[in-house]
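Chain residues, written in single-letter form:
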Amino acid sequence: MTAAGLIQDAPTILTGVAAALCLTASPIFRSRRSILVVQLAAGLCFAAHYFCLGIAVAGAVNILGAVQTGAALFSARGAAMNRLGYALIILMAVVGLWFWQGPISLLSVAAVTLIALARMQHDELRLRLLLLTGGCFWIAHDLAAEAWIALTADVGAALVGIVTLASILVRVTIEWRPARPGAGILAAGPAQAA
């Protein structure tokens, strides 16, 4: 790639890298609010990235996703924001149909819908599980669209999400217990007799 080509592709590269960093980091955060704020930044960067790539459906649903993330952030404060968050999920599906670009559109709509449902969850486990499921659809979408930066981000977010989920669900305790006095003698006793 020449310097002129790199400069021409700079907006695509920069928005993709920013989105990748935000998305990959989002599962690390422990609170719902922190996860959503970082996802808001990732969604806006991904919208710009997809528009730079010419993938209008993914860009449009990411903008709606960012608005829906804002509604999800305030959903606990009132029923109106909660209803708005769910209404935007339906709107995302309609936008996906409006900008239909073939089967790839179905993948982006499924991904964004699952992730939007995740954002509306106040239970951390459901939030994380739905985020991982939606992330799998984004992986398939980005692979089909050859959106390599986004694919890297989605794979990274899925891996970090799995590790974080495992650290929440699985507790490993390592404990040192001193040997009981005389335990070695009893174990050696029958062997010596033979």
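Provided above is the structure to which this section pertains.
My aim in this report is to walk through the structure given alongside it, one point at a time. (Residues numbered from 1 in each chain as written. Predicted model: local features only at pLDDT ≥ 70, side-chain atom pairs only at ≥ 80, totals over all residues. Heavy atoms only, no water.)

## A short note on the overall build of the protein chain
Line of reasoning, step 1. Along its length, the protein chain carries 9 helices and 0 strands.
Line of reasoning, step 2. What you see in the protein chain, going N to C, is helices and strands ordered as α-α-α-α-α-α-α-α-α.
Line of reasoning, step 3. The C-alpha atoms of the protein chain give a radius of gyration of 23 Å, which is well past the 16 Å a tight globule of 194 residues would have.
Line of reasoning, step 4. Referenced to the eigenvectors of the C-alpha coordinate spread, the extents of the protein chain come out at roughly 85 × 55 × 25 Å.
Line of reasoning, step 5. The 194 residues of the protein chain split such that 41% are buried.
Line of reasoning, step 6. Considering only contacts in the protein chain between residues 6 or more positions apart, those separated by 24 or more positions represent 67%.
Line of reasoning, step 7. Looking at the protein chain as shown, the accessible area adds up to about 10,800 Å², and 72% of this sits on carbon and sulfur atoms.
Line of reasoning, step 8. Of the charged side chains in the protein chain, 11 are positive and 7 negative; the average position of the first set lies 16 Å away from that of the second. (Helix = DSSP H or I, 4+ residues; strand = E, 2+ residues; numbered from the N terminus. Rg over C-alpha atoms; globule rule 2.2 N^0.38 Å. Buried < 20%, exposed > 50% of the residue type's maximum accessible area, 1.4 Å probe, protein only. Contact = heavy atoms within 4.5 Å. Areas by Shrake-Rupley, 256 points an atom, 1.4 Å probe, with all protein chains shown as cover. Lys, Arg positive; Asp, Glu negative; His and termini not counted. Charge placed at Lys NZ, Arg CZ, Asp CG, Glu CD.)

## Side note on the packing of helix H3 (residues 32–53) against helix H8 (residues 148–169)
Line of reasoning, step 1. Axis separation between H3 and H8 bottoms out at 10 Å; the angle between their running directions is 150 degrees. As far as their axial angle goes, H8 and H3 are roughly antiparallel. The residues of H8 that touch H3, namely those facing Phe46, His49 and Tyr50, are Ile149, Ala150, Ala153 and Asp154.
Line of reasoning, step 2. Taken together, the residues of the contact of H3 with H8 break down into 5 nonpolar, 1 polar and 1 charged. (Axes fitted to C-alpha atoms, helices over the stretch in contact; angles between N-to-C directions. Parallel < 35°, antiparallel > 145°, perpendicular 65-115°, else oblique. Nonpolar A, V, L, I, M, F, W, Y, C, P; charged D, E, K, R; others polar.)

## Some points on helix H6 (residues 103–119)
Line of reasoning, step 1. The first and last C-alpha atoms of H6 sit 25 Å apart over 17 residues, in line with the 24 Å expected at 1.5 Å per residue.
Line of reasoning, step 2. Considered for burial, the residues of H6 that qualify are Ile104, Ser105, Ser108, Val109, Ala111, Val112, Thr113, Leu114, Ile115, Ala116, Ala118 and Arg119.
Line of reasoning, step 3. Next to the buried residues of H6 lie H3, helix H4 (56–73), helix H5 (79–98) and helix H7 (124–145). (Expected span 1.5 Å × (residues − 1).)

## Here we look at the environment of leucine 36
Line of reasoning, step 1. By the element assignment, leucine 36 lies in helix H3.
Line of reasoning, step 2. Sequence spacing of leucine 36 and alanine 153 is 117 residues, and the spatial spacing of their C-alpha atoms is 16 Å.
Line of reasoning, step 3. With residues near it in sequence (within four places) discarded, leucine 36 still touches Thr69, Ala72, Leu73 and Arg119.

## Remarks on the pattern of salt bridges
Line of reasoning, step 1. This structure, assessed with the given rule, holds 3 salt bridges.
Line of reasoning, step 2. A salt bridge links aspartate 123 to arginine 126; the nearest nitrogen and oxygen atoms lie 3.7 Å apart. (Salt bridge = Lys/Arg side-chain N within 4 Å of Asp/Glu carboxyl O.)

## What about the nonpolar core?
Line of reasoning, step 1. With 33 residues, the main nonpolar core has Leu23, Phe46, Tyr50, Met92, Leu131 and Trp138 as its most contacted residues.
Line of reasoning, step 2. Within the residue set of this core, elements represented by two or more residues are helix H2 (10–25), H3, H4, H5, H6, H7 and H8.
Line of reasoning, step 3. Sequence-distant contacts of tyrosine 50, that is, excluding residues within four places in its chain, are made with Ile55, Ala58, Gly59, Asn62, Trp138, His141, Asp142, Ala147 and Ala150. (Core = buried A, V, L, I, M, F, W, Y, C linked by side-chain atoms within 4.5 Å.)

## Describing empty space enclosed by the protein
Summary: where empty space remains is shown by rolling a probe the size of a single water molecule over the atoms.
Line of reasoning, step 1. Considering all chains together, one arrives at 1 cavity of 30 Å³ or more under this definition.
Line of reasoning, step 2. Roughly 380 Å³ of volume is contained in the largest cavity.
Line of reasoning, step 3. Along its surface, the largest cavity is lined by 26 residues, and Leu23, Ser26, Gln39, Ile115 and Leu131 are the ones closest to its centre.
Line of reasoning, step 4. Mapped onto the lining of the largest cavity, the elements with two or more residues apiece are H3, H4, H6, H7 and H8.
Line of reasoning, step 5. For the lining of the largest cavity, the per-class residue count stands at 16 nonpolar, 7 polar and 3 charged. (1 Å grid on protein atoms, 1.4 Å probe; cavity = no way out; pocket = protein on both sides within 12 Å on 5 of 7 lines; lining within 4 Å. Points joined across faces, edges and corners; volume = space filled by probe spheres on them.)

## A short note on a nonpolar patch on the surface
Line of reasoning, step 1. A cluster of nonpolar side chains, namely Leu125, Leu129, Leu169, Val170, Val172 and Ile174, defines an oily patch on the protein surface of about 620 Å² accessible area.
Line of reasoning, step 2. For valine 170, the position within the fold is in the loop between H8 and helix H9 (183–193). (Patch = residues over 30% accessible without salt bridge, like charges linked within 9 Å, V, L, I, M, F, W, Y side chains within 5 Å.)

## Here we look at the state of the cysteines
Line of reasoning, step 1. Counted according to the given criterion, the structure contains 0 disulfides.
Line of reasoning, step 2. Left without a disulfide partner, cysteine 22 is nearest to the cysteine sulfur of cysteine 45, which lies 5.2 Å away. (Disulfide = S-S within 2.5 Å.)

## Remarks on the side chain of serine 75
Line of reasoning, step 1. Tracing the chain through its elements places serine 75 in the loop between H4 and H5.
Line of reasoning, step 2. A distance of 3.3 Å separates the side chain of serine 75 from the side chain of histidine 122, its partner in a polar contact.
Line of reasoning, step 3. The residues touching serine 75, leaving out its near neighbours within four places in the chain, are Arg32, Met81, Asn82, Met120 and His122. (Polar contact = N/O pair within 3.5 Å; in protein donor to acceptor, adjacent residues only side chain to side chain.)

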